[in-house]
Amino acid sequence: MFPLDNRLDLLEFEVQRLRAHQRALSQTPRISSTQQTPRGNVLPPMPPKPTSGAMPPPAVETAAEAAEETMTEEDFEELQSLHKELVHSHRQLKQEHAELLKAHEDLLNAMRKQENKSAIVKHPSLGVVRLDYDYPPAPGDSDCPGSFGYDVFYRCVPGLTFEMCQSGAFTEMVERRFADAIKHLEARGVSAITGDCGFMMAFQVLARKIAKKPIFMSSMVQCPIIAASLDPDDDVLILTANDKSLKPQKEILLTSCGFDVTQDRFHIHGCQDVPGFEAVALGQKVPLETVQPGIVKLVQEILEQKPQIRAILLECTELPPYADALRYFTGLPVWDAITAADFYVTAFQDFPRFGLQDWQREWDGSQEDYELGMNLTKDEMELVVNKAKETREKKSEAQEGKEQQKASRRIRRQQAPILGVIRLDYNYPPAKGDIDCPGSYEYDVLFRVVPGFTFAMAMTGQMSPDVEQEFIDAVKWLEGRGVAGITGDCGFMMAFQPLASQIASVPVFMSSMMQCPMISVAFDKYDKVLILTANDESLKPQKETLLRQCGFNVDDQRFMILGCQDVPGFNAVAEGRK
């Protein structure tokens, strides 16, 4: 078969030939009703076939009639055959044209899919700046990739030994390599960056000047939000590897967190005397089966002596393996390096339960097998003080880690934490993602409305005596049902944070603005933070009150408030509609 272009040329030639013949036939004023002039590409009807033995035609009067008289039967059959060929070719062209249109549409759809696929963003990942220190990390340790539920990348800083980190001071060359490590991790596309030693908090201010992504060099960045969630008379236990090393740095570390260190609510205790824990200082494998009971016993003894302790923070990055056991045996909330990392990384994650879906590439669950010194140049490797050890022990540790993670999941299922939510006296159909929609959470949640506690009252920051008593009863009711923490369903409830935390013995966070200190500490002082609210005219007058309850410096001009009241359809929020 000829190519399509050639067949079109042949067809055009035949059409021109037929039209020339039709013009010859049309040069007469006497045209019957069955022989109209053809229009466009419509083929004219064929003239009747001459029959044998017909009567001779009348006298010829025109050239057209003469042409008709001279047409032979062979000419007619040739014209009829050409007509059939043209009709057949026309049908073929229509079919091929339809096929071409479909192929074009399929190509466009494929291009659209490819564009959509390329528009899907990469899943979030964590970057970890590592000490120049090698050891076999246990599951839960910051240096064990399996401790995280997302991708993680490591970068060692040659010369940054544990001793140098404890001193809180860099040499010039190590400071340059520290900056290189942060830039390397950002170039790999990480969403947030942390360190693998709590003493790196001393370098937090320098780190956030270098980084463009959120950076938090220690789990101690959580100190302000923990303190704000508790009553001022409640204390916090900070568990560290060696309290003799940490106590001299306490003021520097807490100041770097943006926290007022004059409050003596933080009690530092070391684990150096726990049997088996000396392996941490020696860079050896830690016997979890021996150390875990020892740490639980140590904490229980501390709580007997100081019953005012209501929360635990694990400062050392090698302590998270014991967090679940402490939660289980003490019933207290425990924060560590992993919960700090989760706070920042989840801010970049696609929430599968609500909101926009399928905009982020799904993580395949595989992580990089890191060895100390990976991603360094040959010259940089020469500067590494602690060379990488044999990895056989580390690989066997990975299998043990899976068993440890299974045990941890069993403990978490036994705990089954519940969230308590104080509700306004205000009813509306909440969408998924709304705090008042149970489907917004991946854990159990209990709601309790406060009769008479209207939105207008919440905005004023003051409750009537009757409503205040109902509020107190609601907090007590939720705590009596065994909730692990209590929040509110309106940001303006932050004004009642002191009252709620005074009543409850569990952490209370009446607004998402409690996160302001942790957000602030992870960015440079020149970076701005946007606070999006339903109506900025309502929130701005309360800004100072709300931020002060978060334990935050309200004079900080980095926080910008913007309302959504002018967004089309958003007025349904104020009107209690869907």
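The structure reproduced in this document is the subject of the present report.

Some remarks on the overall build of the protein
For step 1, the next point in the chain: Secondary structure summary: the protein contains 22 helices and 14 strands in total.
For step 2, the next point in the chain: Put simply, the protein has 578 residues, and 44% of those count as buried.
For step 3, the next point in the chain: Across the protein, every contact between residues at least 6 apart in sequence was considered, and the portion connecting residues at least 24 apart equals 74%.
For step 4, the next point in the chain: Counting only carbon and sulfur atoms, one obtains 54% of the accessible surface of the protein, whose full area is about 31200 Å².

What about a nonpolar patch on the surface?
For step 1, the next point in the chain: Nonpolar side chains collect at one region of the surface, where L530, L532, M560 and L562 lie side by side and expose about 410 Å² of accessible area between them.
For step 2, the next point in the chain: Elements with a minimum of two residues in the nonpolar patch: β13 (529-533) and β14 (559-563).
For step 3, the next point in the chain: Inspection of the secondary structure assignment puts L530 in strand β13.

Some points on empty space enclosed by the protein
Gaps left between atoms are located by rolling a probe of water-molecule size over the structure's atoms.
For step 1, the next point in the chain: Under the counting rule described, the total for this entry stands at two cavities of 30 Å³ or more.
For step 2, the next point in the chain: Lining the largest cavity are Y135, P136, P137, A138, D141, F277, V280, V286, L288, E318, P321 and Y322.
For step 3, the next point in the chain: Of the residues contributing to the lining of the largest cavity, the split by class is 10 nonpolar, no polar and two charged.
For step 4, the next point in the chain: Within this model, the second largest cavity holds a volume of roughly 40 Å³.

Some thoughts on unusual backbone geometry
For step 1, the next point in the chain: In this structure, D358 takes a positive phi of about 60° despite not being glycine.
For step 2, the next point in the chain: Accessibility expressed as a relative area gives 64% for D358, which makes it exposed.

Quick look at the pattern of salt bridges
For step 1, the next point in the chain: Scanning all chains against the criterion turns up nine salt bridges.
For step 2, the next point in the chain: A salt bridge links R310 to D234, with the nearest nitrogen and oxygen atoms 3.8 Å apart. Remark: D234 occurs in the loop between α7 (223-229) and β5 (235-240) and R310 occurs in strand β7 (residues 309-314); sequence separation between them is 76 residues.
For step 3, the next point in the chain: Given a relative accessible area of 10%, D234 falls into the buried group.
For step 4, the next point in the chain: Members of the salt-bridge network, linked through shared partners, are R130, D143 and D196.

What counts as what
Residues numbered from 1 in each chain as written. Predicted model: local features only at pLDDT ≥ 70, side-chain atom pairs only at ≥ 80, totals over all residues. Heavy atoms only, no water. Helix = DSSP H or I, 4+ residues; strand = E, 2+ residues; numbered from the N terminus. Buried < 20%, exposed > 50% of the residue type's maximum accessible area, 1.4 Å probe, protein only. Contact = heavy atoms within 4.5 Å. Areas by Shrake-Rupley, 256 points an atom, 1.4 Å probe, with all protein chains shown as cover. Patch = residues over 30% accessible without salt bridge, like charges linked within 9 Å, V, L, I, M, F, W, Y side chains within 5 Å. Salt bridge = Lys/Arg side-chain N within 4 Å of Asp/Glu carboxyl O. 1 Å grid on protein atoms, 1.4 Å probe; cavity = no way out; pocket = protein on both sides within 12 Å on 5 of 7 lines; lining within 4 Å. Points joined across faces, edges and corners; volume = space filled by probe spheres on them. Nonpolar A, V, L, I, M, F, W, Y, C, P; charged D, E, K, R; others polar.

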